[in-house]
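Fold and geometry: a report
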Amino acid sequence: MKTIVKYVFLDLIRNKTILVYTVILAALSISVLGFDSNTSKGLLSLMNISLLFVPIISILFATIYFFNSIEFIELLLAQPIKRQKVLLAEYIGLASSLSLAYMVGIGVPLVVLAPGAASFMLVSTGVLLTLIFSSFAMLIFVLFKDKTKGIGAAIILSLFFTILFDGLLMVFIYSFSDYPIDEVVVGILSFNPIDLARVLMLLKLDVAVLMGYSGALFKKFLGSSAGTIYSFSFLLFWVVLPLLLSVRVFKRKDL
Amino acid sequence: MPITGTKILFAFTALFLSCVCMGKTIRVRPGNNAIKSAIASATHGDTIIISEGTYYEHDVHVTKKLFIAGEGNVVVDGQRKSEIFVLVANGTVLQGLTIQNTGISSMQDMAAVRIQNAQYVTVRNNKILDNTYGVYVQNGSNCLVKDNIIRSGAVSEQNSGNGVHVWRGEHLRIEGNRIAGHRDGIYLEFVINSTIHRNISEKNLRYGLHFMFSHDDIYSKNVFTRNGSGVAVMFSNRVTMTGNVFKNNWGDAAYGLLLKEITDGTIEGNLFERNTVGVYMEGATRIHTSKNTFQNNGWAMRIQASSSNGSFTENNFISNSFDVATNGTMVMNVFKNNYWDKYDGYDLDKDMIGDIPYYPVSLYAVVTEKVPTAMILYRSFLTDILDKVEKVMPSIIPDQLKDDNPVMKKLRL
């Protein structure tokens, strides 16, 4: 298993797309943090960039990569190795290289230009989002036979989490605004890793006050350490769930 | 004519006499009830010089016109028993003392210095520390409270008092004081024709400055930072607010300036920086807001629809999360010639004024005003898109609330 992880990882860090991804992230973070003396604002912009690009790029790149390496996977499966090991090794290799790209691209400039708790939160939520959306890509890979369909599913899934989910949540909030729905909203929010990451990050910045403005529960609950643990465990849940599912499906899959 | 002449002659005589008949000077050294006995032995117009040392006295009633001054480090300590100085004579001056530790009572407002039914009283250059109330003016006129340091460590609104508290007064001047850690920094109730100038009011539990039923007052060049809320002006008419700084009033319900049921005010040349809400207006009529800078606030302004006939001209709005929020669609205020950093219109005729109007109320601001829970979607991609769409085709936002002549460049104020 280690050998496979190593092979995938080494293959990927030489990959041009990953390199370009790293360079673009680095350029964005340096320019955003360098231009503005107000680091809080720079972090906010970086957060928006991360929340928009990291999920889409992770899931698309991972899906394409998995489908492209299908022959390699089939070759490996001809060897006496367990199916789930092959799959997990592929995932670990891919997810670690994408996370490394994120950490180099965003993390290093942040450590140099804006060290602090908020920066740490941005990097850790970014890495978690990378892990989550690579994990979704894995699920898509095992569910679909066809590459085009897989890519389509990846696009739909990422769009669902970036926009559609929030839209539905907004509709929900609007239609039930007469009821005390704060708890419910927090519950629903847990089903979208991007929203969780956004709220976690916002609560580390001073704009958090806006979220607690009308005595809303979000800041009181999610801003507390229990809330942070809650959010992080849900994010981890979103890494593990698609992975487990894909392992289950892959075990019985007719290749 | 002859009457006037007599009056002038009389006035000159009085002035002459007052110069000649300078009262005697009494020196006070530390001792049991030293200040009280000095006051008892003094007569109208005397000077009392208090020498360096600590005096444990309370309920010192100054019933004659005296000039009381501290020499060196004079501490008058009330030992948390009762009030300390009560000034009831016109023209009394109290200066250069450290006055500390009044009692705390829920029955009586305990003040370090109370001015009671008196005129022309001066309280200056004192350090007024750890008291329930600092300076308490109760029905005074033409009094001066100047350059005092008024500090306390209030923890709850119930058990604390105000730094400078005025209940009924006119022609007062409150200048150059530094006030911190009280309930309200300065509290004015039924105060007219007074000026509040160059004070620094910070870290107070409730408001930096609080007006109730106070008319025709001016406050200028004060600094209000880190208070529960900066300034509250309520039920008052014709209050002028110029050149003040409202800063870092940041919290779950913190305002830079809160206006409620006021008419004919002027807000000019102030700086609102990093407040949760820069200006909040409710039932504010004919308020003219111009040449202010709103910077890094959560909401620069929240204008409730009950406010009318106001004007907002030549203000700078820079990096506020929301520029303007309102709770209705009716707009009875005018916005003109402001600089909005979020304005993305164009200026083809190069007259430095944007060719298309700016709508300061974003869709998301409207939504969160109606449904505060929607704040959970703050900074999400969805709300950005909605705002952009709404800017192009306003349908939900109050389309009458707009600046038809937004300036292209930041105004120099």
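Scroll up to find the structure.
Along every chain, residues carry numbers that run from 1 in the direction the sequence is written. Working convention: letters from A go to chains and numbers from 1 go to ligands, in the order in which they are written. Per-residue local features are limited, in this predicted model, to residues with pLDDT of at least 70; the limit for side-chain atom pairs, both in listing and counting, is 80 or more; totals at the level of whole chains, interfaces and linings are taken over all residues.

1. Focus on the overall build of chain B
Secondary structure elements are defined from DSSP: runs of H or I of at least 4 residues count as helices, runs of E of at least 2 residues count as strands, and each element is numbered from the N terminus. When its secondary structure is counted, chain B shows four helices and 39 strands. Across its three principal axes, chain B shows a C-alpha extent of roughly 80 × 60 × 30 Å. In this scheme the burial state of a residue depends on its C-beta neighbours within 10 Å: 20 or more other such atoms mean buried, 12 or fewer mean exposed, and anything in between means partly exposed; the C-beta positions come from the backbone. Scored against the burial criterion, the 413 residues of chain B give a buried share of 45%. Looking at chain B alone, contacts between residues at least 24 apart form 45% of all its contacts between residues at least 6 apart. Residues are treated as contacting if the C-beta atoms built from their backbones sit within 7 Å of each other.

2. Here we look at the overall build of chain A
Tallying secondary structure elements over chain A gives twelve helices and zero strands in all. Reading the secondary structure of chain A in the N-to-C direction produces α-α-α-α-α-α-α-α-α-α-α-α. Here the C-alpha coordinates of chain A stretch approximately 60 × 45 × 30 Å along the principal axes. Within the span of chain A, comprising 255 residues, buried residues form 45% of the whole. Contacts in chain A between residues at least 24 apart in sequence constitute 78% of all its contacts with a sequence separation of at least 6.

3. Regarding helix α1 (residues 2-13) of chain A
Residue and element names in this part refer to chain A. Multiply 1.5 Å by the residue count of a helix minus one, and that product is the helix's expected span. Taking 1.5 Å of rise per residue, the twelve residues of α1 would be expected to cover 16 Å, and the 16 Å separating its terminal C-alpha atoms lies within 8% of that figure. Of the residues making up α1, those classed as buried are Ile4, Val8 and Leu12. End-on view of α1: buried residues confined to an arc of 60°, all on one side of the axis. Across α1 from its buried face, at more than 90 degrees, point the exposed residues Lys2, Thr3, Lys6 and Leu10. By construction, the arc corresponds to the directions joining the helix axis to the C-beta atoms.

4. A closer look at the interface of chain A and chain B
Contact with chain A, which involves 33 residues of that partner, is made by 19 residues of chain B. Of all the secondary structure elements, the ones that give two or more residues to the side of chain A that touches chain B are α3 (39-68), α7 (147-175), α8 (182-189), α9 (193-204) and α10 (208-211) of chain A. Considering each element in turn, the side of chain A that touches chain B owes the most residues, eight residues, to α7 of chain A. Of the residues in the side of chain A that touches chain B, the class split is 20 nonpolar, seven polar and six charged. Three classes are used, and their members are as follows: Ala, Val, Leu, Ile, Met, Phe, Trp, Tyr, Cys and Pro are nonpolar, Asp, Glu, Lys and Arg are charged, and the others, Gly among them, are polar.

5. Some details on the sheet that holds strand β7 (residues 85-87) of chain B
All names here are of chain B. In space, the twelve strands of this open sheet follow the order β4-β7-β10-β13-β16-β19-β22-β25-β28-β31-β34-β37, with parallel pairing throughout. Two strands in the sheet have a free side with no partner beyond their single neighbour: β4 (60-62) and β37 (322-325). Within this sheet the neighbouring strands show an average axis-to-axis angle of 10°, counted without direction. At least two bridges found by DSSP between two strands is the condition for calling them paired. Both strand β22 (residues 207-212) and strand β25 (residues 229-234) contribute to a ladder of five bridges, which runs parallel. By the bridge assignment for β25, Phe211 is matched with Val233. Only the contacting stretch of a helix is used when fitting its axis, a line to C-alpha atoms as for every element, and angles between N-to-C directions run 0 to 180 degrees.

6. Comments concerning the packing of helix α4 (residues 70-77) of chain A against helix α5 (residues 83-113) of chain A
All names here are of chain A. Their axes nearest at 10 Å, the elements α4 and α5 cross at an angle of 145°. In this structure, α4 crosses over α5, and the sense of that crossing is right-handed. Two secondary-structure elements touch here, α4 through Ile73, Leu76 and Leu77 and α5 through Arg83, Val86 and Glu90. Grouping the constituent residues of the contact of α4 with α5 by class yields four nonpolar, no polar and two charged. By convention, the crossing between two helices is left-handed when the near helix turns anticlockwise from the far helix through less than a right angle, and right-handed when the turn is clockwise.

7. Things to note about the pairing of strand β13 (residues 133-141) of chain B
Residue and element names in this part refer to chain B. Counted residue by residue, β13 has seven buried out of nine residues, so it is predominantly covered. Taken together, the five bridges between strand β10 (residues 111-116) and β13 define a ladder with parallel strand orientation. When the bridges of β13 are listed, Ile115 appears paired with Val137. Inspection of the sheet shows β13 paired to strand β16 (residues 164-170) by six bridges, in the parallel sense. Residue pairing in the sheet places Gln138 in a bridge with Trp167 of β16.

8. Observations regarding the packing of α3 of chain A against α7 of chain A
For any two helices packed against each other, the geometry comes down to the angle between their axes and how far apart the axes lie. All names here are of chain A. Running from N to C, α3 and α7 cross one another at 165°; their axes reach a closest spacing of 9 Å. Viewed along their axes, α3 and α7 adopt a mutual orientation that is roughly antiparallel. Regarding α3 and α7, the two cross each other, and that crossing is right-handed. For the pair formed by α3 and α7, the contact residues are Leu52, Pro55, Ile56, Ile59, Leu60, Thr63, Ile64 and Phe67 on the first element and Lys147, Gly150, Ile151, Ala154, Leu157, Ser158, Phe161 and Thr162 on the second. Across the contact of α3 with α7, the residue classes break down as eleven nonpolar, four polar and one charged. Each angle receives one of four descriptions, namely roughly parallel if under 35 degrees, roughly antiparallel if over 145, roughly perpendicular if within 65 to 115, and oblique otherwise.

9. A short note on the nonpolar core
In plain words, the nonpolar core is the set of buried Ala, Val, Leu, Ile, Met, Phe, Trp, Tyr and Cys residues that C-beta atoms within 7 Å link up. With 180 residues, the main nonpolar core has Leu122 and Ala137 of chain A together with Phe85, Val113, Val135 and Leu259 of chain B as its most contacted residues. Among the elements that take part in this core, helix α6 (residues 117-143) of chain A stands out by supplying 17 residues, more than any other. For Leu259 of chain B, the contacting residues outside a window of four places in its chain are Val233, Val279, Tyr280, Met281, Glu282, Ala284 and Ile287 of chain B.

10. What about the environment of Ser306 of chain B?
All names here are of chain B. By the element assignment, Ser306 lies in the loop between β34 (299-303) and β35 (311-313). According to the C-beta neighbour criterion, Ser306 is partly exposed, with 16 such atoms within 10 Å. The residues touching Ser306, leaving out its near neighbours within four places in the chain, are Glu282 and Gly283.

11. Side note on the pairing of β34 of chain B
Residues and elements named next belong to chain B. For β34, the buried fraction is high: five of the five residues fall into the buried class. In this sheet, β37 lies alongside β34 in parallel orientation, the contact comprising three bridges. Note on β37: the bridge partner recorded for Trp299 is Phe322.

12. Topic: the environment of Thr98 of chain B
All names here are of chain B. Note that Thr98 resides in strand β9 (residues 98-100). C-alpha separation for the pair Thr98 and Leu129, spaced 31 residues apart in sequence, amounts to 7.3 Å. If sequence neighbours within four positions are ignored, Thr98 has contacts with Asn73, Val74, Val75, Val76, Lys127 and Leu129.

13. Re helix α12 (residues 225-252) of chain A
With 28 residues, α12 of chain A should reach 40 Å at 1.5 Å per residue; the first-to-last C-alpha distance of 41 Å fits that figure. Where α12 of chain A is concerned, the buried positions are Ser231, Leu235, Trp238, Val239, Pro242, Leu243, Ser246 and Phe250 of chain A.

14. Looking at the environment of Met375 of chain B
Residues and elements named next belong to chain B. When you line up the elements, Met375 lands in the loop between α3 (363-370) and α4 (381-392). On the basis of neighbour count, Met375 is assigned to the partly exposed category, with 19 C-beta atoms found within 10 Å. Separated by eleven residues in the primary sequence, Met375 and Tyr364 place their C-alpha atoms 8.7 Å from one another.

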